[in-house]
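Secondary and tertiary structure notes
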Amino acid sequence: MQRVALINSGCANIASVRYALLRQGVEVDVTADPERITSADKVIFPGVGSFDYALEAVQKSGVVEAMRSLSQPTLGICLGMQMLAEGSAEGQKQGLGLIQGRAQRFVDAPGRSVPHMGWNQLNPQGDDPLMRGIEPGAYVYFVHSFYLPPSPYTIATCDYGLPFTAALRQDNFWGCQFHPELSAQVGAKILSNFLAL
Amino acid sequence: MLSRRIIPCLDVADGKVVKGVQFKNHEIVGEIVDLAQRYVDEGADELVFYHITASADRQTVNLDWVDAVAQRLDIPFCVAGGIRSVADAAARLEAGADKISINSPALENPDFIDEMVAAFGSQCIVIGIDSLEVDGQYQVKQYTGRPDKMQDSRRDTLTWAKEAVERGAGEIVLNCMNQDGVRQGYDIRQLAAVRDGVSVPLIASGGAGTMQHFKDVFEQADVDGALAASVFHKKIIDIPELKAWLRDQGQPMRI
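The structure reproduced in this document is the subject of the present report.

The rules behind each value
Residues numbered from 1 in each chain as written. Chains lettered and ligands numbered in written order. Predicted model: local features only at pLDDT ≥ 70, side-chain atom pairs only at ≥ 80, totals over all residues. Contact = placed C-beta atoms within 7 Å. Helix = DSSP H or I, 4+ residues; strand = E, 2+ residues; numbered from the N terminus. Axes fitted to C-alpha atoms, helices over the stretch in contact; angles between N-to-C directions. Parallel < 35°, antiparallel > 145°, perpendicular 65-115°, else oblique. Left-handed = near helix turned anticlockwise from the far one by under 90°. Nonpolar A, V, L, I, M, F, W, Y, C, P; charged D, E, K, R; others polar. Pairing = 2+ DSSP bridges. Buried ≥ 20, exposed ≤ 12 C-beta atoms within 10 Å, placed from the backbone.

So, the interface of chain A and chain B
On the chain B side, the residues contacting the 28 residues of chain A number 27 residues. Every element with two or more residues in the side of chain A that touches chain B is listed here: helix H1 (15-23), strand E7 (116-121), strand E9 (139-144) and helix H6 (184-195) of chain A.

What follows is the structure in structure tokens.
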């Protein structure tokens, strides 16, 4: 059975992710131990809250160097994905810089509440294995106020007044702006695709 | 396109799902996890659990069922009721809740909203507002879980909603008490006024009786989601049928 390291930096609500992985039938290792992270088959990096607050928790937890050294498939979820990037308009801190891009803030407008909260549609781009079997227009659950603009690394976009990166991949780092663990069957399929990498 | 959300609300008391009429005379309607799973299977977009006696009794929610629900559900759910501290909220989030809704404690101490937002981020802090129309004015009520302890918070509903958002709340659930449990339709006028006044997602609560009521509240008040309890518990409205019909009526729906 493969072992997934679910990074616990103390900043994220990880119960939902943990239970979603257990439903997939894998061993889930909730950890901030660099050794346990680097030796895992897959790594998941969740995050909620504000950018600087969450990054500070990540830095304090001592996992940053381990994360930089990873070569196995690694998935950042929501703020976890944004922290893998270079930075965010939400905070002053530098991101981990493992993926390209800086998070921007949605501007609220009539008909566009911020945060972007709820079920919105994926438009897969290219043929990345994470998006295998995901139909254009499939709904997943988002909750965020900041977003990464589309880039050459984007593997799925979503539209909220403007197109943004719903999922991306750069080398062995994947990211989902949405929450696959809260996205019913579509989310389960994406997690299953990740575990099959 | 962002879909409208259909949100069954499960009022919880003493470990069971209950429903009263205008917050009184609760009757037991089912087991928490079983009902929650039924709604997920039917296509509910999100669930809200209100521990309705909590604030007035100064109790807190028992966390075993939060964990049991998180183990089974693969959609978001929000927990409300008697959350009085950052530690109370952290315990529920750690047990698997995705959002925390606060109501009476925020009225007692509005700074509590700021503290919660600083600790967990706007995205998981929901402000529940129980609003009663009295002589044409909308007033916020407090401790609504127990009629004997309910009181007027001396706040105007729209003013309070705006303040909550300024303090960082990520979503507002507006429960229009005049309509609650009587299935005569959502309070469109009040919801539209709050919709115009706040920029965060707004969830309508109180009054759903027919499928048309959902269409009306989405079209006329532009709310992000509509919450209902008895019409779903009692199978007066079938969720798959509701969502398919709303989609045919032009509403973006996750089917």
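Structural notes on the packing of helix H4 (residues 86-94) of chain B against helix H6 (residues 111-120) of chain B
All names here are of chain B. Where H4 contacts H6, the two axes come as close as 10 Å, and the packing angle between them is 40°. One element, H4, and the other, H6, form an angle in the oblique class. Both H4 and H6 take part in a crossing whose hand is right-handed. Taken together, the residues of H6 that come into contact with H4 (itself represented by Val 86, Ala 89 and Leu 93) are Glu 115, Met 116, Ala 119 and Phe 120. For the contact of H4 with H6, a count of residues per class yields six nonpolar, no polar and one charged.

Considering the sheet that holds strand E10 (residues 146-147) of chain A
Residues and elements named next belong to chain A. Ordered by their spatial adjacency, three strands build an open sheet running E5-E6-E10, and the pairing between neighbours is mixed. Since the sheet does not close on itself, it has two edges, and those belong to strand E5 (87-88) and E10, each with one partner. The pairing of E5 with strand E6 (residues 102-105) spans two bridges and is parallel. Along E6, the bridge assignment pairs Ser 88 with Ala 103.

Some details on the pairing of E7 of chain A
On a regular strand, one side chain projects to one face of the sheet and the next to the other, so that they alternate. Residues and elements named next belong to chain A. Counting buried residues along E7, six of its six residues qualify, which places the element largely inside the surrounding structure. Pairing of E7 with E9 involves six bridges; the strand directions are antiparallel. Paired with Met 117 across the strands is Val 143, a residue of E9.

Considering the packing of helix H7 (residues 157-166) of chain B against helix H8 (residues 188-197) of chain B
All names here are of chain B. Their axes nearest at 10 Å, the elements H7 and H8 cross at an angle of 35°. Two packed elements cross with a definite hand, and for H7 against H8 that hand is right-handed. On the side of H7, the interface is formed by Thr 157, Leu 158, Ala 161 and Lys 162, while H8 contributes Ala 193, Val 194 and Gly 197. When its residues are assigned to classes, the contact of H7 with H8 shows four nonpolar, two polar and one charged.

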